[in-house]
Amino acid sequence: DLVPAMQVVSSSAYQRLVLAAPYLHRDFVSTFIPHVNRIMHAGGTVVVLTRALSALSAQQSHANVEALKTLRAGASNHELLLVRSWEEDGLGVHLKAVVADERMAYIGSANLTPTGTSTHAEAGVLLSGPSVMVLARWLEVVSDALSERRQPYRKRS
């Protein structure tokens, strides 16, 4: 089951939890709130990598915006919640991963939505060991790059 696998990973995070998916849903991300708060109370960070959050994005995702509102409303420290979003057309954030520190990860095809984790035929794996460190560091590079890409986006007419 994908959801229990994601929850196992989330519950093992102490300092850093990364949630990455192009499609989010408020009901599904709310299941991460207890883990988010536990990590934040310990001084750790939570990173969300997604897409199309800006009102100026060519195809703003209202579901992603609502999911982030839910996560922010439940988070105990907004300064420790880092949100990175791909806002442009074309190839962007499409990976799906939940990564705890540099120790454990889920990576697969399921979006962080009820449909993505229960209705569709999806595949995913739990990782531990050195490969997780490589994945975590790569996601940090992606997060930094998305942070640097912030720029004014124009709506298409």
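Before reading further, recall that the structure is shown in the block above.
Residues numbered from 1 in each chain as written. Predicted model: local features only at pLDDT ≥ 70, side-chain atom pairs only at ≥ 80, totals over all residues. Heavy atoms only, no water.

**Q** Got a sec to walk through the overall build of the protein chain? Specific residues and values, please.
**A** Scanning the protein chain for helices and strands turns up six helices and six strands. If you list the helices and strands of the protein chain from N to C, you get α-β-α-α-β-α-β-β-β-α-β-α. For 157 residues, the compact-globule estimate of 2.2 N^0.38 gives 15 Å, and the protein chain sits close to it at 15 Å. Relative to its full complement of 157 residues, the protein chain shows a buried share of 46%. Sequence-distant contacts in the protein chain: of pairs separated by 6 or more residues, those separated by 24 or more amount to 76%. By element, 55% of the accessible surface of the protein chain is carried by carbon and sulfur atoms, the whole surface being about 8100 Å². (Helix = DSSP H or I, 4+ residues; strand = E, 2+ residues; numbered from the N terminus. Rg over C-alpha atoms; globule rule 2.2 N^0.38 Å. Buried < 20%, exposed > 50% of the residue type's maximum accessible area, 1.4 Å probe, protein only. Contact = heavy atoms within 4.5 Å. Areas by Shrake-Rupley, 256 points an atom, 1.4 Å probe, with all protein chains shown as cover.)

**Q** Would you mind going over the nonpolar core in detail, with residue names and values included?
**A** Ranked by internal contacts, the top residues of the largest apolar core, which has 32 residues, are Met-6, Leu-24, Leu-81, Val-98, Tyr-106 and Leu-112. Elements that contribute at least two residues to this core include exactly helix H1 (2-12), strand S1 (16-20), helix H2 (26-30), helix H3 (33-41), strand S2 (45-51), helix H4 (62-74), strand S3 (81-86) and strand S4 (97-100). The residues touching Tyr-106, leaving out its near neighbours within four places in the chain, are Leu-2, Ala-5, Met-6, Val-9, Lys-96, Ala-97, Val-98, Ala-123, Gly-124, Val-125 and Leu-126. Core analysis: the next-biggest nonpolar cluster, separate from the first, contains 16 residues, Val-47, Val-93, Ala-105 and Ala-136 among them. (Core = buried A, V, L, I, M, F, W, Y, C linked by side-chain atoms within 4.5 Å.)

**Q** Residue-level account of the packing of H3 against H4, with values.
**A** Pairs of packed helices are described in terms of their axes, by the angle between the two and the distance that separates them. Where H3 contacts H4, the axes come no closer than 9 Å and their chain directions differ by 45°. Taken together, the axes of H3 and H4 lie oblique to each other. For the pair H3 and H4, the crossing hand works out as right-handed. Within the contact between the two elements, H3 uses Ile-33, Val-36 and Asn-37 and H4 uses Thr-70, Leu-71 and Gly-74. Partitioned by chemical class, the residues of the contact of H3 with H4 number three nonpolar, three polar and no charged. (Axes fitted to C-alpha atoms, helices over the stretch in contact; angles between N-to-C directions. Parallel < 35°, antiparallel > 145°, perpendicular 65-115°, else oblique. Left-handed = near helix turned anticlockwise from the far one by under 90°. Nonpolar A, V, L, I, M, F, W, Y, C, P; charged D, E, K, R; others polar.)

**Q** For the environment of Ser-131, give the residues involved together with the corresponding values.
**A** Following the sequence through the fold, Ser-131 ends up in helix H6 (residues 130-148). Given a relative accessible area of 37%, Ser-131 falls into the partly exposed group. Note: C-alpha distance between Ser-131 and His-78 (53 residues apart in sequence) is 30 Å.

**Q** Pulling in residues and values, what's your account of the sheet that holds S3?
**A** If you trace the six strands from one edge of the open sheet to the other, you get S3-S2-S1-S4-S5-S6, paired in mixed fashion. For this open sheet the edge positions go to S3 and strand S6 (124-128), each flanked by a neighbour on one side alone. Strand-to-strand twist of the sheet, defined as the mean angle between neighbouring strand axes without regard to direction, takes the value 10°. Where S1 meets S2, five bridges bridge the pair, whose relative direction is parallel. (Pairing = 2+ DSSP bridges.)

Worth remembering: the numbers are spatial, not functional.
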